[in-house]
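Chains, contacts and geometry: an overview
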Amino acid sequence: MWERYSRQIITFAIGEEGQKKLKESSVLLVGCGGLGSTIATILVRAGVGRLRIVDRDFVEITNLQRQILFDEDDLNSNIPKGVIAERKLKKINSDVEIEGIVADFNPSNAESLSEGINLILDGLDNMEGRFLINDLSIKKGIPWIYGTCLSTYGLTFNIIPKKSPCLRCIYDNFANSSMTCETAGIIGPIVVLIASIQSSEALKILTGNEKDLRYDMLFVDLWRNEFEKIPISHLKKENCPACGMGRFDFLEGNKISSVISICGSNSIQINPPAERFFELEKIVESLKPYGMVVFNEYLVKFFYQDYEITIFKDGRAIVKGTSDPSIAKSLYSKFIGM
Ligand SMILES: [Zn+2]
């Protein structure tokens, strides 16, 4: 059964013992875009035991340049990325238990999604979600690996509860850059590189080689040929709200907004004010008088004026065609109801 993994087992790094540990491990991957689809591919091929992927989006034409799990058939299929990823990854390695979950990662589901998880990998495109991962990690003692890319550069570091500084130690306040891959652009190789480094650190943790982990921040700019290790260990703060004082502002929902603009797609996501469950058939009927409606078992897509509104079973909606949160909110309350 190990023949598939023989090439990595014979390395000094993994060995049979490491491979067994990998098989017994469970990983939560939050976000299946550029970073996420590379990380998922590497970990599934390497033989991780269980991979749970959470993603809220669909495949768009602008994704194909760097998101290696997706192809042209996935465009306009109206099948969410989480479902496509699960199907494709199962074909790559049927030994791995793969769960593709179509959801927004937020305070209402973060704890249940991390049930039984040994490691969390960041495939997100926004800081808010990362602070939520951070709270979850510190509260439950689960390590996580941060990764981000923009333009031609990227950076990554590991957050190991009790051993390393956490995200809030490093970024004191809400350090959210207004630059996105929509405005600053992004090249494919930096995404795959940062995701590979995240995956490699993940393999160290999952095969029991924590001693080999990197405790510095790694910054890479592929165009300027810069590879820099930036020490961050000294940034661990005793008065850090999360790892110092045990206050989890993001997990408790104090800092999470109900309206999120989605990186690179002129879209706004609206989260329902409370947890709700929609019968999609009923929504289809109520929307039909106002415009074209298409639907499947996962979602309803509604075309109204220049907007395309996608509604999921959990009440979440993505309004495409605007980057103005107030327009998106008013469309949501008009057609779905706050
Ligand atoms: Zn901290």
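This text follows the structure it describes.
Residues numbered from 1 in each chain as written. Predicted model: local features only at pLDDT ≥ 70, side-chain atom pairs only at ≥ 80, totals over all residues. Heavy atoms only, no water.

1. Some details on the sheet that holds strand E1 (residues 26–30)
Defined as follows: Only strands that DSSP links by at least two bridges are regarded as paired with each other. Comment: elements are numbered from the N terminus, with helices defined as DSSP H or I runs of at least four residues and strands as E runs of at least two. Angles here are taken between N-to-C directions and fall from 0 to 180 degrees, while the axes themselves are lines fitted to C-alpha atoms, restricted in helices to the stretch in contact.
Within the open sheet, the 8 strands sit side by side as E3-E2-E1-E4-E5-E6-E7-E8. Their pairing is mixed. Each edge of the sheet is formed by a strand with only one pairing partner; in this case those strands are strand E3 (97–102) and strand E8 (226–231). Averaged over neighbouring strand pairs, the angle between their axes works out to 15 degrees when direction is ignored. Where strand E5 (residues 144–150) lies against strand E6 (residues 153–159), 7 bridges are found, and the strand directions are antiparallel.

2. Here we look at the nonpolar core
Condition: Only buried residues count toward a nonpolar core, which is a set of Ala, Val, Leu, Ile, Met, Phe, Trp, Tyr and Cys residues joined through side-chain atoms within 4.5 Å. A 1.4 Å probe rolled over the protein chains alone gives each residue an accessible area, and that area as a share of the maximum for its type sets the label: buried under 20%, exposed over 50%, partly exposed in between.
Counting residues in hydrophobic clusters, the biggest one holds 42 residues, and the most contacted among them are Leu 51, Ile 53, Leu 89 and Leu 121. For this core, the leading source of residues is helix H8 (residues 188–206), giving 9 residues. Grouped together as the second largest cluster of nonpolar side chains are 34 residues, Phe 105, Leu 113, Ile 159 and Cys 166 included.

3. As for the coordination of the zinc ion
Formally: Only N, O and S atoms count as donors, using a 2.8 Å cut-off from the metal and 3.2 Å for Na, K and Ca, and because water is excluded some sites may appear unfinished.
Distances from the zinc ion to its protein donors, namely Cys 166 (SG), Cys 169 (SG), Cys 240 (SG) and Cys 243 (SG), fall within the range 2.2 to 2.3 Å. Of note, the donors binding the zinc ion are all from one chain and are spaced C-x2-C-x70-C-x2-C. Since its relative accessible area comes to 1%, Cys 166 is described here as buried.

4. Quick word on the pairing of strand E2 (residues 50–55)
Let me state the cut-off plainly: Crossovers are described as right-handed under a simple rule: with the strands pointing away from the observer, the path leading from the first strand over the helix to the second runs clockwise.
Of all 6 residues making up E2, 6 are buried, and the element is well covered by its neighbours. Alternating residues of E2 divide into Arg 50, Arg 52 and Val 54 and Leu 51, Ile 53 and Asp 55, and every residue in both groups is buried. Relative to E2, E1 runs parallel, the two being bridged by 5 bridges. Across the sheet, the residue bridging to Val 30 is Val 54, located in E2. For the handedness criterion, the β-α-β arrangement of E1, helix H3 (residues 34–46) and E2 is classed as right-handed. As judged from the 6 bridges shared by E2 and E3, these two strands associate in the parallel manner.

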